[in-house]
Protein chains: 2
Amino acid sequence: MGLNRSWVESANSPDADFPLNNLPCGVFSTGAEEPRCGMAIGDFVLDVSGLEAAGHLALDGGPLLDVPFWNEVMAAGPEVWASLRAQVTALLAEGAERVAEPYLHRRNEVELHLPFLVSEYTDFYAGRHHAFNVGTMFRGPENALPPNWLHIPIGYNGRASSVVVSGTDVRRPWGQVKGPDDQAPRFAPSARFDIELEMGAVVGLPSDHGQPVTVEEADAMIFGYVLLNDWSARDIQAWEYQPLGPFQSKATATTISPWIVTRAALEPFRTATPAREKPLLAYLQEPRPLLYDIALEVGLTPEGGQETIISRTNYAEMYYSAAQQLAHHTVSGCAMNTGDLLGSGTISGPAKESCGSLLELSWGGKEPFEIAGGRRSFIEDGDRLTLRGHARGDGYRIGFGACSGKVIPALADPYRRD
Amino acid sequence: MGLNRSWVESANSPDADFPLNNLPCGVFSTGAEEPRCGMAIGDFVLDVSGLEAAGHLALDGGPLLDVPFWNEVMAAGPEVWASLRAQVTALLAEGAERVAEPYLHRRNEVELHLPFLVSEYTDFYAGRHHAFNVGTMFRGPENALPPNWLHIPIGYNGRASSVVVSGTDVRRPWGQVKGPDDQAPRFAPSARFDIELEMGAVVGLPSDHGQPVTVEEADAMIFGYVLLNDWSARDIQAWEYQPLGPFQSKATATTISPWIVTRAALEPFRTATPAREKPLLAYLQEPRPLLYDIALEVGLTPEGGQETIISRTNYAEMYYSAAQQLAHHTVSGCAMNTGDLLGSGTISGPAKESCGSLLELSWGGKEPFEIAGGRRSFIEDGDRLTLRGHARGDGYRIGFGACSGKVIPALADPYRRD
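Residues numbered from 1 in each chain as written. Chains lettered and ligands numbered in written order. Predicted model: local features only at pLDDT ≥ 70, side-chain atom pairs only at ≥ 80, totals over all residues. Heavy atoms only, no water.

Draft legend 1. Just the sheet that holds strand E5 (residues 111–113) of chain A, in detail. All names here are of chain A. With antiparallel pairing, five strands are arranged side by side in an open sheet as E4-E3-E2-E1-E5. Two strands in the sheet have a free side with no partner beyond their single neighbour: strand E4 (104–106) and E5. Neighbour-to-neighbour, the strand axes of this sheet turn through a mean angle of 45°, independent of strand direction. Bridge analysis of strand E1 (residues 25–29) against E5 gives three bridges, and the strand direction is antiparallel. Along E5, the bridge assignment pairs Val-27 with His-113. (Pairing = 2+ DSSP bridges. Helix = DSSP H or I, 4+ residues; strand = E, 2+ residues; numbered from the N terminus. Axes fitted to C-alpha atoms, helices over the stretch in contact; angles between N-to-C directions.)

Draft legend 2. Here's a closer look at the pairing of strand E25 (residues 384–392) of chain A. Residue and element names in this part refer to chain A. Where strand E20 (residues 295–301) and E25 come together, seven bridges link them in antiparallel fashion. For Glu-297, the partnering residue across the bridge sits in E25 and is Arg-388. Sheet topology note: the E25/strand E26 (residues 397–399) ladder contains three bridges and is antiparallel. Considered in E26, the bridge of His-390 is made with Gly-399. Between E25 and E26, which pair antiparallel and follow one another directly, the connecting turn spans four residues, one of which, Gly-395, has a positive phi of 85°.

Draft legend 3. A look at the relation of the copies chain B and chain A. Note on the copies: chain B fits chain A at an RMSD of 0.0 Å, the axial shift is 0.0 Å, and the rotation between them is 180°. In short, the pair behaves as if placed about a two-fold rotation axis. Among all C-alpha atoms of chain B, that of Gly-245 of chain B lies closest to the rotation axis, at 2.2 Å. When you check the interface residues of chain B against chain A, 100% turn up at the interface there too, and the contact is symmetric in its surfaces. (Least-squares fit on C-alpha atoms with pLDDT ≥ 70 in both. Contact = heavy atoms within 4.5 Å.)

Draft legend 4. Spotlight on the nonpolar core. Within the largest apolar cluster, 82 residues are counted, with the highest numbers of intra-cluster contacts made by Met-199, Tyr-225, Trp-231, Ile-294, Ile-310, Tyr-315 and Leu-358 of chain A. Contacts of Leu-358 of chain A, omitting those with residues within four sequence positions, involve Asp-194, Ile-195, Leu-300, Ile-310, Trp-363, Phe-369, Ser-377, Phe-378 and Ile-379 of chain A. Ala-322, Leu-361, Ala-391 and Val-407 of chain B belong to the second-largest nonpolar core, a separate cluster that totals 81 residues. (Core = buried A, V, L, I, M, F, W, Y, C linked by side-chain atoms within 4.5 Å. Buried < 20%, exposed > 50% of the residue type's maximum accessible area, 1.4 Å probe, protein only.)

Draft legend 5. Quick look at the pattern of salt bridges. Overall, the coordinates contain 54 salt bridges over all chains when judged by the stated rule. In this structure, Arg-270 of chain A and Asp-219 of chain A form a salt bridge, with 2.7 Å as the shortest nitrogen-oxygen distance. You can see Arg-270 of chain A sitting in strand E18 (residues 270–271) and its partner Asp-219 of chain A sitting in helix H5 (residues 215–221), a full 51 residues away along the chain. Of the two residues examined, Arg-270 of chain A and Asp-219 of chain A, each falls in the buried class. Here Arg-388 of chain B makes a salt bridge to Glu-307 of chain B, at a shortest N to O gap of 2.9 Å. With Arg-388 of chain B in strand E25 (residues 384–392) and Glu-307 of chain B in the loop between strand E20 (295–301) and strand E21 (308–314), the pair connects residues that are 81 residues apart, well separated along the chain. Among the residues examined, Arg-388 of chain B registers a relative accessible area of 27% and is labelled partly exposed. Bridged by salt links that share partners, the residues Glu-216, Asp-219, Arg-263, Glu-267, Arg-270 and Arg-288 of chain A form one connected network. (Salt bridge = Lys/Arg side-chain N within 4 Å of Asp/Glu carboxyl O.)

Draft legend 6. Region of the structure containing the layout of surface pockets. By volume, the largest pocket amounts to about 820 Å³. For the largest pocket, the lining is made up of 34 residues, of which Phe-138, Arg-234, Gln-237, Ala-238 and Tyr-241 of chain A are closest to its centre. Among the elements of the structure, strand E6 (121–124), helix H4 (128–139) and helix H6 (234–240) of chain A are those that each provide at least two residues to the lining of the largest pocket. Per-class residue counts for the lining of the largest pocket are 17 nonpolar, eight polar and nine charged. The space that makes up the second largest pocket amounts to roughly 670 Å³. Taken together, 35 residues make up the lining of the second largest pocket; nearest its centre are Phe-138, Arg-192, Arg-234, Gln-237 and Ala-238 of chain B. Looking at the lining of the second largest pocket, the elements that each hand over two or more residues are strand E6 (121–124), helix H4 (128–139), strand E11 (186–189) and helix H6 (234–240) of chain B. (1 Å grid on protein atoms, 1.4 Å probe; cavity = no way out; pocket = protein on both sides within 12 Å on 5 of 7 lines; lining within 4 Å. Points joined across faces, edges and corners; volume = space filled by probe spheres on them. Nonpolar A, V, L, I, M, F, W, Y, C, P; charged D, E, K, R; others polar.)

Draft legend 7. How the structure looks around H4 of chain A. Residues and elements named next belong to chain A. In this model H4 runs 16 Å from its N-terminal to its C-terminal C-alpha over 12 residues, within 8% of the 16 Å that 1.5 Å per residue would give. Of the residues making up H4, those classed as buried are Arg-128, His-130, Ala-131, Asn-133, Val-134, Gly-135 and Thr-136. With its phi angle positive at about 85°, Gly-140 sits one or two positions after the end of H4. (Expected span 1.5 Å × (residues − 1).)

Listed below in structure tokens is the structure:
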């Protein structure tokens, strides 16, 4: 399948992130107007809320787009998802009557908002290379992988209230830190603030409390995917995470890209998870390839400086797919809801320059890496970190748009009220 | 301060859980009617939604009680909380005109629902004796407490979708389990299903993203408290919890009592946290006693059998108060929202018969304990576990109502669809 051509000419470039094949879902506003639902097409955002209100789009159970989030569409299920995609494709296809033209806004003139209400947020740890790298730093290469890692898509619950949209500044956090030789912890701004390059799966359809779902059922529940940066304060994490896992080290912010790329748009890019090193229990086995081939990169731009691409990797490096993670998430009866967000875990490739965190790129700070005009071990104030990703088709690509955030200095005194 | 006498006679008994001093907040329904907000008084529930609709209650920014949850009142802040309490106290006080009488429903004739929409759920690990006991079982008494435990109120994010109201059956979960001598994990129903006796703090006022709050500010954000049973599958937990903490072992269900006992009702029962074994960092120090003296007990009733009280303890055993936990929760900039629920951690006293989990009561299953007509190490199918609690005043008490759940057998095949 090649490019679906559109009368929106900028959507037909082979390097456009948002061709007609994509049609990702976001929330945008223009000037003083209220945020509303849009889909990206070429250099534009299509106001689908407006199209529905004007009767150019009709969805079963609608109106579903009269709210500034996609949760109502997500909850409406796969027939509505397919119907919306078909209707918008028809409106924008080359040769179609241009009734949608008044509903196009230049993307560089709109403000983008969180595309959905995040119900709950779960973060996984499913990158084989990342787990091995971090485990090696902490425990040596012989004991790098925890014994459960090849059997369980290890995950922990994160904090939904920390999720922000690309473009939001991220303030360096304070917290408890303690060096290995310190007698007691200190209260200080994090000195080892980091990123985690991840994909986020967005749950559309809910599951019932008490009822586990299969991997195939889990895949069908997923509405789409975003890029996700799970900002991490490594020094706070090292001191707090035993025995119950990361907590405040991961609660400062989690940035997602503004567009939910739907499962339908990604379908041509399915790929199998890597070969199993140990057999999985039946409930976790994949009936078919459920991972995706998505090229990813991370850019670091110092304040006033130029960007260096510090990592290039691929979502296909993950040992577990989002469908496997979601199936595991329900195994003990946990109910999943529309708007739940599942972080994949840090996506690192086998090579050093394919690592998805500065912790790995600088090997725990011991081997600072070069950037244009400087070196880095961890993030410095003013640095902008930008994730990008796309799947490459025949003559087109499915892009995610940037997932970007600038780190601003810690509060001078976090408890002072002016 | 003694009993506030009411014209609802059953509220004046010294052993009534719900005297006029209490006025806890719940959601109830009668017959086929829609759930609505109520407050418990003696043997009755007062329909405060109905009273507000009829103009007998007036709240700033109201109506706030025209929804089947307390979140709108909780978000409205302390002046509204105080005003509601004062107005209902006046309506029910001895000698008052009985305009509220038509709004009373017998408690044993109503159905109770979750009293609030749970935004996010966090569980802590703040019981000194519980942490020591569990640590001793896993690591020996010399290394029982993790090194961070006396410095940080250790917590992890739980799953809000797992929270259910007292009376909801709890189905024994399936999951991955692996004995120490097993070569590989098995998929099986949990054989070591357990309770955790906790208090839950309910966040009323939100905090801003990026802005930590002090312990005093945190206390003022808390609307009230519930009893909380964090059901735990110990065998699943033991295999999954390293390195990122408990996940599916804690996601089957978390049961809360149906009444939110307000901070105002509990104010006379403040008590200080125990003496610090190591000094706390300034941001965690308590400016005044912020814990509560609340007597707690756990009953176990086998199917068709009689109840045995298997534990008696007190909330005052906690090393950290909910205000300290909530302050820590915000330290890295995490935003807290109306409806967030914070579990205290398992509340165990120093003696064996004051332990808040079967894991401790049976010392990891090695020392089964006696109940009427049998013995237990962990929960058996058909067992009902009931938490109860109250603070004792002069001639009255502030009760929480039961927090109860019966464990029903695991699904025969969790993936069969009939």
